[in-house]
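Understanding the architecture of this molecule
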Amino acid sequence: MDGMVGSKSSLSWAVNISVVLLVMLWLFPTVGLLVSSFRTTDQISSNGWWQSLFPTEQNVSLRTVDPDEDGVQQLVNGLYTVEGNVFGDTSEAVISVWGVSSRAIDSFGPGDTADLGEGESITVQVDGSYVWTGASELSGRGQRVFATAETPPEFTTDNYRTVLVDGNTTDSMAKAFFNTLTVTIPATIIPIVIAAFAAYALAWMDFPGRSILIALVVGLLVVPLQLALIPLLRLHLGIGIGKGYLGVWLAHTGFGLPLAIYLLRNYMVGLPRDIIENAKVDGATDFQIFTKIILPLSFPALASFAIFQFLWTWNDLLVAKVFLIDATGQTTVMTNQIVELLGTRGGNWEILATAAFVSISVPLVVFFAMQKYLVRGLLAGSVK
Amino acid sequence: MNPAFQGLLTIIIGVGGCIGYFYFSNQFLDKVLYPAKGPKAGHNINRANQIRPWLFLFPAMFALGLYLAYPVFATLWYSVTDRDQGGAFVGLANYRQMADDPKFWEALKNNMLWLLIVPAASTAFGLLAAQLTDRIWWGSFAKSLIFMPMAISFVGAAVIFKLIYDTRPVDQSQIGVMNAVWLQFEGGIGSFLILRLLPGLLMISAAAAALYVAYSQVTTAMEKRGTAFILLVRGVFIAVLVWIAYSTLALALGAFTKTYPYGVPQQWLTIPGWNSFLLMIVLIWIQTGFAMVILSAALRGIPEETIEAAIVDGANPFQVFFKIKMPQISGTIVVVWTTITLVVLKVFDIVFAMTNGQWETQVLANFMYDKLFRANDWGVGSASAMVIMLLVSPILVWNVYNARKEMR
């Protein structure tokens, strides 16, 4: 702390707490999505995801087994008896109070016996198991039981199975996932190769007009790609590329180049001049210097740009919509698939949350694995 | 052909083709065109070295020209022609038609709000986060968590925040955090403190800050005068500040007098005025990490001596921050601000996925997409693209100017 020796400890507490709050505030939205993707439809619509992390107390309306089914009813000690569990199978829910009418849902405690009239009675235990007896044969539908039960947190991976493995074609993310991958990898690698050569020329070769070209690259860095949509779509349709992977690869290459050239050139200019001049004296050609010396040394900058371009192409919606996705929808990418799910499945949060999390998981992994290069690239790209 | 296989093939052809091009064109230049032997060896080497840079540059320059430079002029051309008349020149008719569309003015107004609020809020939060995380031992961990939304797509973020803003009918339990919190308020003293007093005071202090800056601008303008251009810029700046002060005061008044529909879940994204802010929060959430990373590096670059000297002279922490640190990182703040401004101008996915411009949330990029691909009106679409370009161009000029200055 800057010169406040006396108040150091209390202030550092305040700083720690505010950072914890800030981090929680920033994580909260993403965690909500992650938790929701592991819940069932019923769970999502019955309460907020933040309640699912703790045991929840819920009022549930349940029903015993239908006594008319074969073999359910047994005659024990002269009483017709139905036994079972109101939750169906065994469950970890804990019943605190229960009742047999919707107007009095808290009349009985666990283990109490409720008199249903006409010689019938029912006893419900704390875990939901019940014994329902009657002097005469039980009939009609199952007896209703209203219980206030505390259920432990419960999560499922079914949503991921639905979305990735056996979903129907409209919900499936599997194909969109591979389409996105197909778009992303060439669109990341090709601009790097092209830009690296250009960056070398701009950094270490002397020719008239060099500074104008650099200024041009800096200028193109900020040109919004919105301007390119119509002219380039027309161009692609005109020369027969049409809508498809080739078009989207070319478009991403073009749009990524200014940043690639700019980042790589800034990095290469900073490399020590001696190495390059020594190599020249030893008779190396520019091509050899570039491939043997500059490229290996520029690895951090190449990695920075690769991450940028990967994140940008993976997360892109607009370029894919314009240059890739045709009327058949066979080449849809994940971002587009999610937007369509938002339209058709607006209320099905389990599908939406899972689909969205599938799409953001890969960038998140890349982000945490290669954060160092990302930060370095950001600093090189914007701080001048 | 399987697209994955096609992709692999493209990588091989693309990368192999590029490397092959560079290798063989260099070989051709050195061995065939200007061989470095024979009677004119020296002359040939010089000629080859004059041509070589262009070999290295050609693919990149071709792609840049075709994919970024040419479209600027092509879009400009489309914006003054009519596709239905076979591309005939129609002058400013498209722009006139665009100006007659109320949706355009709505988009422009919203874009201006986005431009004011998102860069300001992201930079402020980023500065706060940088300042706080730099002084604790787990700061880099906290930083990477705040930075994380950078990796999340705008569409993914739209889904995340749609869940937060979700609304259920009144008799069901709310699954969106915002409504769940909203239903906690019932009009008592707590509601007064949090929903009326707090926002009201915040707005009043924002107005006071804006007026203070405006006042100090007026006094400097009185003292220094300067050229007509500087006076004009100052005047515009002061006018904007006064407008901000006026609107924040109006909001403060609203916070105290408005009747709130307590106990009723709200469809947040359909309330005009509010919903734009809710969409902005998504972008602020994403961009704060970026601002934090850059500003934190800048803060650490400040020489220790300047801070120590200020403390020795008896400066308090606030003075150290505002008088010593802020001036030294002002250049970085400008860079962060302009970078986020560029993102804001191009913002499309968030609006497209969350509201699609309904309920008065339209922005220029989405308006343009609407015109181009839904209404199929290339003239007006291109005209609105040119408006985005026009808004970007001051930053373009400024960047180019700085880059040129740096190279000298």
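Since we're looking at a predicted model, the values are computed, not measured.

Parameters at a glance
Residues numbered from 1 in each chain as written. Chains lettered and ligands numbered in written order. Predicted model: local features only at pLDDT ≥ 70, side-chain atom pairs only at ≥ 80, totals over all residues. Heavy atoms only, no water. Helix = DSSP H or I, 4+ residues; strand = E, 2+ residues; numbered from the N terminus. Rg over C-alpha atoms; globule rule 2.2 N^0.38 Å. Buried < 20%, exposed > 50% of the residue type's maximum accessible area, 1.4 Å probe, protein only. Contact = heavy atoms within 4.5 Å. Areas by Shrake-Rupley, 256 points an atom, 1.4 Å probe, with all protein chains shown as cover. Lys, Arg positive; Asp, Glu negative; His and termini not counted. Charge placed at Lys NZ, Arg CZ, Asp CG, Glu CD. Pairing = 2+ DSSP bridges. Axes fitted to C-alpha atoms, helices over the stretch in contact; angles between N-to-C directions. Domains from an automatic or database assignment. Left-handed = near helix turned anticlockwise from the far one by under 90°. Nonpolar A, V, L, I, M, F, W, Y, C, P; charged D, E, K, R; others polar. Core = buried A, V, L, I, M, F, W, Y, C linked by side-chain atoms within 4.5 Å. Buried area = accessible area lost by both parts, 1.4 Å probe. Salt bridge = Lys/Arg side-chain N within 4 Å of Asp/Glu carboxyl O. Polar contact = N/O pair within 3.5 Å; in protein donor to acceptor, adjacent residues only side chain to side chain. Parallel < 35°, antiparallel > 145°, perpendicular 65-115°, else oblique. Phe/Tyr/Trp six-rings, centres within 6.5 Å; stacked < 30°, edge-to-face > 60°.

This brings us to the overall build of chain A. Assigned secondary structure in chain A consists of 14 helices and eight strands. In summary, chain A has a C-alpha radius of gyration of 33 Å against a globular reference of 21 Å for 384 residues, an excess of more than 25%. In terms of overall dimensions, chain A has a C-alpha envelope of 110 × 70 × 35 Å along the principal axes. Here chain A, with 384 residues, has 51% of them falling under the buried criterion. Of the contacts made within chain A by residues no fewer than 6 positions apart, 70% connect residues no fewer than 24 positions apart. With the model as given, the accessible surface of chain A reaches about 16800 Å², and the carbon-plus-sulfur share is 58%. If you average the places of the 20 positive and of the 31 negative side-chain charges in chain A, the two averages end up 23 Å apart.

Now for the sheet that holds strand β1 (residues 56–63) of chain A. All names here are of chain A. Read across the open sheet, the three strands follow the order β1-β8-β4; overall the sheet is antiparallel. Two strands lie at the open edges of the sheet, namely β1 and β4 (94–99), each paired on one side alone. Across the sheet, the mean angle from the axis of one strand to that of its neighbour is 25°, orientation sign disregarded. Both β4 and strand β8 (residues 144–151) contribute to a ladder of five bridges, which runs antiparallel. If you follow glycine 99 over to β8, its bridge partner there is phenylalanine 146.

All right, on to the domain arrangement of chain B then. Each domain of chain B was delimited in the assignment, giving domain 1 (3–63) and domain 2 (80–154 + 275–408). Of note, the centres of domain 1 of chain B and domain 2 of chain B, computed from C-alpha atoms alone, are 40 Å apart.

Trans peptide bonds make up most of the peptide bonds, and negative phi angles are found at most residues other than glycine. Residue and element names in this part refer to chain B. The residue glutamate 360 is not glycine, and still its phi comes out positive at about 60°. Mapped onto the secondary structure, glutamate 360 falls in the loop between α13 (349–354) and α14 (364–374). Residue glutamate 360 is classed as partly exposed on the basis of its relative accessible area, which comes to 42%.

Now for the packing of helix α13 (residues 349–369) of chain A against helix α6 (residues 154–164) of chain B. Interhelical geometry of α13(A) versus α6(B) gives an angle of 145° and a closest axis separation of 9 Å. You can see that α13(A) and α6(B) cross each other, and the crossing is left-handed. Where α13(A) approaches α6(B), its residues Trp349(A), Leu352(A), Ala356(A) and Ile360(A) are matched on the opposing element by Gly156(B), Val159(B), Ile160(B), Lys162(B) and Leu163(B). For the contact of α13(A) with α6(B), the residue count by class is seven nonpolar, one polar and one charged.

Counting residues in each nonpolar core, the largest one holds 213 residues, and the members touching the most others are Met268(A), Phe323(A) and Trp114(B). In contact with Trp114(B), other than residues within four places in its own chain, are Pro119(B), Ser276(B), Leu279(B), Met280(B), Leu283(B), Val344(B), Val347(B), Val351(B) and Val363(B). If you look at the next biggest cluster of nonpolar residues, it comprises 17 residues, including Phe108(A), Ile122(A), Leu138(A) and Ala147(A).

All names here are of chain A. Within the open sheet, the five strands sit side by side as β2-β3-β7-β6-β5. Their pairing is antiparallel. Each edge of the open sheet is held by one strand with a lone partner, namely β2 (74–76) and β5 (113–117). Averaged over neighbouring strand pairs, the angle between their axes works out to 30° when direction is ignored.

Here we come to the interface of chain B and chain A. Counting residues at the interface gives 106 residues for chain B, matched by 107 residues for chain A. Between chain B and chain A, the buried area comes to about 9600 Å², and carbon and sulfur atoms account for 81% of it. Applying the counting rule to chain B against chain A returns zero salt bridges. One can count eight residue pairs in polar contact (both at pLDDT 80 or more) joining chain B with chain A. Broken down by element, the side of chain B that touches chain A gets its largest block of residues, 21 residues, from helix α2 (residues 41–79) of chain B.

Okay, the side chain of Arg39(A) next. Among the structural elements, Arg39(A) can be located in the loop between α1 (8–36) and α2 (41–46). Leave out the neighbours within four places in its chain, and Arg39(A) touches Ile44(A), Asn47(A), Gly48(A), Trp49(A), Ser52(A), Phe155(A), Thr156(A), Asn159(A) and Glu350(A).

A word on the pattern of salt bridges. All names here are of chain B. In the structure shown here, the tally under the stated rule is six salt bridges over all chains. Aspartate 101 serves as the salt-bridge partner of lysine 371, at 3.3 Å between the closest nitrogen and oxygen. Here aspartate 101 lies in the loop between α3 (93–99) and α4 (102–133) and lysine 371 lies in helix α14, a separation of 270 residues in the sequence. On the accessibility criterion, aspartate 101 (16% relative accessible area) is buried. Connected through shared salt-bridge partners, Asp134, Lys143 and Arg300 make up one network.

Before going further, it helps to examine the packing of helix α10 (residues 299–315) of chain A against α13(A). The relative placement of two packed helices comes down to the angle between their axes together with the axis-to-axis distance. All names here are of chain A. Two numbers describe how α10 lies on α13: the axes approach to 10 Å, and their chain directions differ by 175°. By the criterion of interaxial angle, the relationship of α10 to α13 is roughly antiparallel. In contact with Ile307, Phe310, Leu311, Trp314 and Asn315 of α10, α13 contributes Ser359, Val362, Pro363 and Val366.

Let us now look at the environment of Phe125(B). Structurally, the position occupied by Phe125(B) is in helix α4. On a C-alpha basis, the gap between Phe125(B) and Thr341(B) in space is 15 Å, while along the polypeptide they are 216 residues apart. Contact partners of Phe125(B), with chain neighbours within four places excluded, come to Trp26(A), Ile284(B) and Thr288(B).

What follows deals with the packing of aromatic side chains. Tallied over the entire structure, the rule returns 37 aromatic pairs over all chains. Here Phe299(A) and Tyr373(A) contribute two aromatic rings whose centre-to-centre distance is 5.9 Å and whose plane-to-plane angle is 85°, an arrangement assigned as edge-to-face. Of this pair, Phe299(A) sits in helix α10 while Tyr373(A) sits in helix α14 (residues 371–382), and the two are 74 residues apart along the sequence. Taking relative accessible area as the criterion, Tyr373(A) reaches 17% and is therefore assigned buried. The structure contains a cluster of three or more aromatic residues connected by ring pairs, namely Phe197(A), Tyr200(A), Phe287(A), Phe290(A), Tyr21(B), Phe22(B), Tyr23(B), Phe24(B), Phe56(B), Phe58(B) and Phe62(B).

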